[in-house]
Amino acid sequence: MKIGHRLYLTVLPSLVGFLLMAALAYWGQYEHTAPSIVLVGGAIAVAISLAITWMNARYVTRRIERLAGASAPDSARARARITHGTSDDPASGAEDELDAIEDVIGRLSNAIEVAELSQADGARSFERRLHDYAALLVSITETMARQLEEVRLPLHILLENRFGDLNENQEEMLAAARAAADAVDSDMLQLRQIAALDLGEEVLRRDALKPSELMRTIQPLLASAAEAVLATLTMTIEPLLPTVNGDRVRLQEALVTLCRDSIAQAPRGAHLEATVAKQGQWVIITLRGGVRLPISVRAAAAIRVVQAHGGQVDRESDALAVRLPIHDGGPQFTASRAARLTAKNDA
């Protein structure tokens, strides 16, 4: 039996009640045993109940039929159960709209379950790949560092201990080669630090730091970087800022790298403005005025240090914003735990 038929059957009691009230009005008036107002009031109440029941049954029936019609293309199993008399409702041997709807809901539930399992598997696979990539990066950086040392040592010996006369061009070439080897070695060290943070091998301190002290400490370095590009730098620090979590040395080095490299890309003669303010659960260090953070291993390592502290780095077209979480008084934390905190904040 269809749901519409079942709902329409609910109208029958009201219809029977209406007929009984009409009969009572007729025979009660004949015997003069019931007041007229009672009969009229009862008839009106039954009529209203009948009308409301009919409208509700009609509305629900149409909605269910609409849902069942939309689910019909995907309800082959439901129709098969009905056809073979295997419906979940033992009293129902014919087609029922709820069977189609139930089948679609079952399919959606299964699809959601499969998607959740797939997502969990994908997350575990991603974590394994990330760990493998970090371990591979560590291996590569260590190997390249040893090989670079084999290059740097002969260059150092040739430049510091003269075994023969070198002309000016030869000295310049050897000095340039040593400088290039030193730069590559520095990049390898930065990559090694990134890998160590990703693997959770490095434990960062969780001290309560004052952002105002951090920025005033590095302000001379930033002013010097601004002078190098003929720019002016003004710094505004909001009073009574809350403390932030961090390893003072590592975080200060990261801020210097991010801000100084961004200032180096600013237009000549620009007016740069640095602000430190509280916003929500963050202390935000913002640098504006046409700055741009270049892509480099050193900048990537600095960003990773900020993320390891639970912070974020936003690089806009002409501004740089470093977000640091407000101190919560918790224990020390590892870089891997901080990375999970950063991922949660991004979501």
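You'll find the structure just up there.
Just so we're clear, the structure is a prediction, and the values are computed from it rather than from any experiment.

Focus on the pattern of salt bridges
For side chains of opposite charge, pairing can occur when their charged atoms come near one another.
Logical step 1: For the structure on display, the rule yields three salt bridges.
Logical step 2: Residue D314 is joined to R323 by a salt bridge in which the shortest nitrogen-to-oxygen separation is 2.9 Å.
Logical step 3: Classification of D314 as partly exposed rests on a relative accessible area of 27%.
Logical step 4: For R323, a relative accessible area of 21% translates into the label partly exposed.

Remarks on the packing of helix α8 (residues 248-264) against helix α9 (residues 297-308)
Logical step 1: Orientation of α8 relative to α9, taken along the N-to-C sense of each, is 135°, at an axis distance of 9 Å. Classified by the angle between their axes, α8 and α9 sit oblique to one another. α9 is crossed by α8, and the crossing has left-handed handedness. The segment α8 lies against α9, with R250, L251, A254, T257, L258 and D261 engaging R298, A299, A302, I303, V305 and V306.

With respect to the nonpolar core
Logical step 1: M215 and L258 are the most contacted members of the largest nonpolar core, which has 43 residues in total.
Logical step 2: Looking at this core, the elements with two or more residues in it are α7 (211-228), β3 (232-237), α8, β5 (271-279), β6 (282-288), α9 and β8 (319-325).
Logical step 3: The element that contributes the greatest number of residues to this core is α8, accounting for seven residues.
Logical step 4: Among all residues touching L258, those that are not within four sequence positions of it are L293, A299, A302, I303, V306, V313, L320 and V322.

What counts as what
Residues numbered from 1 in each chain as written. Predicted model: local features only at pLDDT ≥ 70, side-chain atom pairs only at ≥ 80, totals over all residues. Heavy atoms only, no water. Salt bridge = Lys/Arg side-chain N within 4 Å of Asp/Glu carboxyl O. Buried < 20%, exposed > 50% of the residue type's maximum accessible area, 1.4 Å probe, protein only. Axes fitted to C-alpha atoms, helices over the stretch in contact; angles between N-to-C directions. Helix = DSSP H or I, 4+ residues; strand = E, 2+ residues; numbered from the N terminus. Parallel < 35°, antiparallel > 145°, perpendicular 65-115°, else oblique. Left-handed = near helix turned anticlockwise from the far one by under 90°. Contact = heavy atoms within 4.5 Å. Core = buried A, V, L, I, M, F, W, Y, C linked by side-chain atoms within 4.5 Å.

Treat this as a map of the structure, not an account of what it does.
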